[in-house]
Amino acid sequence: MSGYDFTERRGNHSSSRDKLAQYTGVDPEDGLVMWTAVSRYRTAPCVIEAVRRAADSGLFDYSYYTDDYKNAVGWWMANRHGWTIEPDWIVTTQGLGHAIAMCLDVYTDPGDRVVIFPPVYHEFPLKIARAGRQVVECPLVLTGERYEIDFDAAQSRLDGSETMLIWCSPQNPSGRVWTPAELRAVAEFAERNDLILISDEVHHDLVYPGNRFVPMDVVVPELRHRIITATAASKTFNIAGMKTGNLIIPDAGLRDAMLKRLAEIDYMANRLGLEMVTAAYSPEGAAWADAQIAHLDANRAVFDAGLNAIPGVRSLPLQATYLAWVDFRGTGMSHAEISARLRDDARIGVSPGPGFGSGGDGFQRINFATSRAEVAEAVRRLQAAFSDLQ
């Protein structure tokens, strides 16, 4: 036993629950919240204590990037990921969604073509489109239960007008941890095509035993002139609502351009968010993160065993994240029928696979970062909803 509390909690003004009916059609009164990529238990005690200290001070004036904050980020990356970064490389943003939007704003122009490798986090194409840029899909290839990259097919989809590649590592929604060789190949693809490479590594702490995450910058430091890494404590510590993320930008030219634009829009970091991240990125936070992985690993085992017992259903083996990528294609059912059973019979709010782009049809993304009891209940409901296949 870890001594930490990973039971399901219901907080005030939680969008994942309050907007469950709006986005999934599931009534939050008796529905299970398994769609948004947030955990449903309390964050680490050291983070909660940081909030208490801030409240006790009664002072909430303007923030700035303290040495404590930058040193904490540097300590975490070095100790958890073997990545040595300079404090000046850290550019704080209002979360990673904002970070990606800012990268599109600063490093691309309206009408530019931006490359993604679907199925991938649905906000990538949405943000590209909102920014007035064009999405270029280079679909991953599902070989058995493992996604691979077809660079020849990807190259055939480019016309030379692309300016950026947004990469996801570890991969959302498949939970794939890319090898150093694969990451090098991605970076070299970006180099050949003169693309700024944004590596979204927000799930980098949520990696299961037997797998090793390596930051893109560690693999190809010689290509730092085009690589920007997006990181945050938001997924690891369930503090996404504090809207605090980091762009780690080693190249001075790229970094200065981002800092200039952030100054132009009068961006200022969230003071409480900075204090919470500083507390999280500590030995106490690391101990809690390790306990969380053990909890999630056990949840994963319960969930996968239960789903894989349903004929025609397969939960792909995860290497990282708490987001199961479930393949329902073997049932022979349409997306509409699968969705109806999840919504009306199982009463579980999930993220539909088609929203993740090409290759998402027939899949559903289901979040199991909750209590063990709630995972077991989800399995019971799903098995009942598809009981005619037994």
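Now for a look at the structure at hand. (Residues numbered from 1 in each chain as written. Predicted model: local features only at pLDDT ≥ 70, side-chain atom pairs only at ≥ 80, totals over all residues. Heavy atoms only, no water.)

1. What to know about the sheet that holds strand E4 (residues 134-137)
1) Next: The strand order across the open sheet formed by 7 strands is E2-E10-E9-E8-E7-E3-E4, and the pairing between neighbours is mixed. Looking at which strands have only one partner, the edges of the open sheet turn out to be strand E2 (90-93) and E4. In this sheet, neighbouring strand axes are inclined to one another by 25° on average, regardless of whether the strands run parallel or antiparallel.
2) Next: The strands touched by helix H11 (residues 252-264) are E2, strand E8 (196-200), strand E9 (227-231) and strand E10 (245-248); relative to E2, the strand with the most contacts, the crossing angle is about 30°. (Pairing = 2+ DSSP bridges. Helix = DSSP H or I, 4+ residues; strand = E, 2+ residues; numbered from the N terminus. Axes fitted to C-alpha atoms, helices over the stretch in contact; angles between N-to-C directions. Contact = heavy atoms within 4.5 Å.)

2. Some points on the packing of helix H4 (residues 67-81) against helix H13 (residues 283-308)
Axes are the key here: two packed helices are described by the angle between their axes and the distance separating the axes.
1) Next: Where H4 contacts H13, the two axes come as close as 11 Å, and the packing angle between them is 45°. Taken together, the axes of H4 and H13 are oblique relative to one another. Helix-helix and strand crossings are classified by hand; for H4 and H13 the assignment is right-handed. Residue-level contacts link Trp75, Trp76 and Arg80 of H4 to Pro283, Gly285, Ala286, Ala289 and Asp290 of H13.
2) Next: Counted by class, the contact of H4 with H13 contains 5 nonpolar, 1 polar and 2 charged residues. (Parallel < 35°, antiparallel > 145°, perpendicular 65-115°, else oblique. Left-handed = near helix turned anticlockwise from the far one by under 90°. Nonpolar A, V, L, I, M, F, W, Y, C, P; charged D, E, K, R; others polar.)

3. A word on unusual backbone geometry
1) Next: Each neighbour pair has its own omega, and for Pro118 with Pro119 the value is 0°, a cis peptide bond.
2) Next: Residue placement: Pro119 occurs in the loop between strand E3 (113-116) and helix H6 (123-130).
3) Next: Omega for the peptide link from Ser169 to Pro170 comes to -5°, which places this bond in the cis form.
4) Next: Among the secondary structure elements, Pro170 is positioned in the loop between strand E7 (162-168) and helix H8 (180-192).
5) Next: Notably, Asp266 is not glycine yet its phi reads approximately 60°, a positive angle.
6) Next: Along the chain, Asp266 falls in the loop between H11 and helix H12 (271-280).
7) Next: Look at Asp266 and you get exposed, because its relative accessible area is 66%.
8) Next: Phi at Arg347 takes a positive value of approximately 55°, unusual for a residue other than glycine.
9) Next: Within the fold, Arg347 resides in the loop between helix H14 (335-346) and strand E13 (348-349).
10) Next: Since its relative accessible area comes to 27%, Arg347 is described here as partly exposed. (Buried < 20%, exposed > 50% of the residue type's maximum accessible area, 1.4 Å probe, protein only.)

4. Notes on the nonpolar core
1) Next: Ranked by internal contacts, the top residues of the largest apolar core, which has 89 residues, are Ile166 and Phe237.
2) Next: With 8 residues, the single largest contributor to this core is H13.
3) Next: Of all hydrophobic cores here, the second largest spans 30 residues; its members include Val136, Ile149, Ala187 and Val219. (Core = buried A, V, L, I, M, F, W, Y, C linked by side-chain atoms within 4.5 Å.)

5. Observations concerning the packing of helix H5 (residues 95-107) against H6
1) Next: Two elements in contact, H5 and H6, have axes separated by 10 Å at closest approach and are oriented at 40°. What the angle tells us is that H5 and H6 run oblique. When the axes of H5 and H6 are compared, the crossing they make is right-handed. Residues Gly97, Ile100, Ala101 and Leu104 of H5 form the contact with H6, whose participating residues are Phe124, Lys127 and Ile128.
2) Next: Taken together, the residues of the contact of H5 with H6 break down into 5 nonpolar, 1 polar and 1 charged.

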